[in-house]
Amino acid sequence: MSTNQINKEINHPVYRYWVLVGMVLIAGFSQGMLLPVLAVMLETAGVSSSANGLNAAALYIGIILISPFIEKPVRKYGYKPIIIIGLVLVMISLILFPIWQTFWFWFILRIVVGIADNLIHFSTQIWISSTASKEKRGRQLAIYGLAFGLGFGIGPMMTQLLAINEYLPFFIASGFSVIAWVFMLFLRNEWPESDFETASQLNTFSRYKQVIKLAWFALLPGFLYGYLEASLHGNYPVYAMRMGIDIQFVTVLLLPSFVFGSLFTQLPLGILSDKIGRSKVLKIIFFFGFILFFSMSFVEHLPWVLWILFTLSGMLLGSSFSLGIAYLADLVPANLLPTGTVMTGVLFAVGSMIGPTVGGWLIGVVEQGAIYYSMSSMLLLMFVAALLFERINKKSVGKSTESA
């Protein structure tokens, strides 16, 4: 087949979509691999648990740093160059990680990976959203989200390859990025529509204030999901090594079970929230999530019971981010939704930084049960916040009724 024929085939909307889905699968794989692999390597090198958590937070610092600056170059140069830049940055960073194993060098590289991943995510999300038909957009974005979850779930399994060679996980992840880069070269560049509304057009102080006033609680599930996900992948391997839990069991079964559990319940929980209300579903998953994580501290010596609890917690809490976005859409007018979505994304990154830092500190101070206490306490706070938001809303509705 000639180059022109290949180019024609891969620029078909269906092929282009699956190439972009492949991008996020690889991005999720890189993130899911880096967190536990580097955590294990730092722990083996004798780095403290708190410093280990701080290092894990660097990736999300990169996400936050680049967020205000992505839209303008995408509008000017199109999606393709921005995605290619992101892929090249990921490839180079992954190759450099094992070459010089120094704390601050890894910290900088993780920031670069965070920047690169955000370039890829932002560009592919808008590209899919703006080219998909209205009838297929929801399904296509759902598959896109599942691809990231799948990649993120497979990533931790790469820790097993450290026993063979420390370079191997990084070379494999970098190799996948090279494959994605080759496919990207054949895609025709496109640009966002001139009237495509993005957050940077809307993120004035007054709009942020409006979103917080109307829907502050709906922003919190994004923070929570970042806190839990980063704590599990950044802290749990360290905690397991210190508590004598089999690291192979952790990386091959426990951590993937949380991610894969969420893949089975995303749609059912979304349908349930349509029927009984987003607020009720969020309260349910936060309360039972608290029970599950707190219970883990009593059964960590029973591997298969621990695995069941991890799977159940993933099935419950893995949808918290998407449920938060859906609840946000219920609460704010359409013109404020992009602003709220960006705020949720930033809070996800903030939670992803705070989670490993707090968890690492607790592991050093509390030791036994520390990681479970960190996550169950945050879930309890979210449950209380849900009750508080519901109470405030009822008062507001009551006042509106009285004045009417």
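Definitions and limits used
Residues numbered from 1 in each chain as written. Predicted model: local features only at pLDDT ≥ 70, side-chain atom pairs only at ≥ 80, totals over all residues. Heavy atoms only, no water. Helix = DSSP H or I, 4+ residues; strand = E, 2+ residues; numbered from the N terminus. Buried < 20%, exposed > 50% of the residue type's maximum accessible area, 1.4 Å probe, protein only. Areas by Shrake-Rupley, 256 points an atom, 1.4 Å probe, with all protein chains shown as cover. Phe/Tyr/Trp six-rings, centres within 6.5 Å; stacked < 30°, edge-to-face > 60°. Patch = residues over 30% accessible without salt bridge, like charges linked within 9 Å, V, L, I, M, F, W, Y side chains within 5 Å. Salt bridge = Lys/Arg side-chain N within 4 Å of Asp/Glu carboxyl O.

Asker: I'm lost on the overall build of the chain in this one. Help?
Answerer: In terms of regular secondary structure, the chain is built from 15 helices and 0 strands. The buried share of the chain, reckoned over its 404 residues, is 51%. For the chain, the accessible surface area stands at approximately 18100 Å², while carbon and sulfur atoms represent 69% of it.

Asker: What am I meant to see in the packing of aromatic side chains here?
Answerer: A complete count under the given rule lists 29 aromatic pairs for this structure. Each ring, one from Tyr225 and one from Phe348, has its centre 6.3 Å from the other, and the planes form 25°; the classification is stacked. Of this pair, Tyr225 sits in helix α9 (residues 205-243) while Phe348 sits in helix α14 (residues 337-365), placing them 123 residues apart in sequence. An aromatic cluster is present here, built from Trp216, Phe217, Phe286, Tyr327 and Phe389 joined pairwise through their rings.

Asker: Where do I start with a nonpolar patch on the surface in this structure?
Answerer: Where nonpolar side chains cluster on the molecular surface, the patch consists of Val88, Ile92, Ile95, Leu96, Ile99, Trp100, Tyr167 and Phe171 and spans about 710 Å² of accessible area. Here the element with the most residues in the nonpolar patch is helix α5 (residues 79-96); it accounts for 4 residues. Examined against the element boundaries, Ile95 turns out to sit in helix α5. On the accessibility criterion, Ile95 (37% relative accessible area) is partly exposed.

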